[in-house]
Amino acid sequence: QVHLVESGGGLVQAGGSLRLSCAASGRTFSSNAMGWFRQAPGKERELVAAINWSGSNTYYAGSVKGRFTISRDNAANTLYLQMNSLKPEDTAVYYCAGRLGPSVRTTYNDYDYWGQGTQVTVSS
């Protein structure tokens, strides 16, 4: 019904930048809140950032606030995560996620659709 395809992950040295993209299928992207999650080895999957249907409301985890920016282009059905000043502790698999509702949510179980994940590795 809905699928999400991520791109932009890779290997970068500390202090560098990456931009992740998530291309969404379906006709309702502009009605759906979206989020980025990440999961590092041995850790729970955690919400990095979330954005409501229009982009007017966003949420950031404290660990990334001021360094990461979530945005969306509804005309292109695309979600972005700009990651600046990357740190080794940002190393994780990053997942694009969508939910059927329009409002920001911060809980894993609130999301209905998931991308395949893309690896981000930050070297020291």
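Scroll up for the structure.
Residues numbered from 1 in each chain as written. Predicted model: local features only at pLDDT ≥ 70, side-chain atom pairs only at ≥ 80, totals over all residues. Heavy atoms only, no water.

Draft legend 1. Spatial organisation of the overall build of the protein chain. Along the protein chain, the regular secondary structure elements total zero helices and 11 strands. Taken from N to C terminus, the helices and strands of the protein chain fall in the order β-β-β-β-β-β-β-β-β-β-β. Here the protein chain has a C-alpha radius of gyration of 13 Å; the compact-globule value for 124 residues is 14 Å, and the two agree. Along the three orthogonal principal directions, the C-alpha set of the protein chain runs to about 40 × 25 × 25 Å. The buried share of the protein chain, taken over its 124 residues, is 45%. As displayed, the protein chain has an accessible area near 6,200 Å², and 45% of this comes from carbon and sulfur atoms. Positive and negative side-chain charges of the protein chain, numbering 11 and 8 respectively, have mean locations separated by a distance of 4 Å. (Helix = DSSP H or I, 4+ residues; strand = E, 2+ residues; numbered from the N terminus. Rg over C-alpha atoms; globule rule 2.2 N^0.38 Å. Buried < 20%, exposed > 50% of the residue type's maximum accessible area, 1.4 Å probe, protein only. Areas by Shrake-Rupley, 256 points an atom, 1.4 Å probe, with all protein chains shown as cover. Lys, Arg positive; Asp, Glu negative; His and termini not counted. Charge placed at Lys NZ, Arg CZ, Asp CG, Glu CD.)

Draft legend 2. Broad picture of the nonpolar core. Counting residues in hydrophobic clusters, the biggest one holds 28 residues, and the most contacted among them are Trp36, Leu81, Met83 and Tyr94. Mapped by element, the contributors of at least two residues to this core are β3 (18-24), β4 (34-39), β5 (46-51), β7 (68-73), β8 (78-83), β9 (92-98) and β11 (118-123). In terms of residue count, β3 provides more of this core than any other element does, four residues in total. Core analysis: the second largest hydrophobic core is formed by seven residues, Leu47, Ala97, Val104 and Tyr111 among them. (Core = buried A, V, L, I, M, F, W, Y, C linked by side-chain atoms within 4.5 Å.)

Draft legend 3. Examining the pairing of β5 more closely. For β5, the buried fraction is high: five of the six residues fall into the buried class. Between β4 and β5, which follow one another and run antiparallel, lie six residues, and glycine 42 among them has a positive phi close to 75 degrees. Relative to strand β6 (residues 58-60), β5 runs antiparallel, the two being bridged by three bridges. What sits directly across from alanine 50, in β6, is tyrosine 59. (Pairing = 2+ DSSP bridges.)

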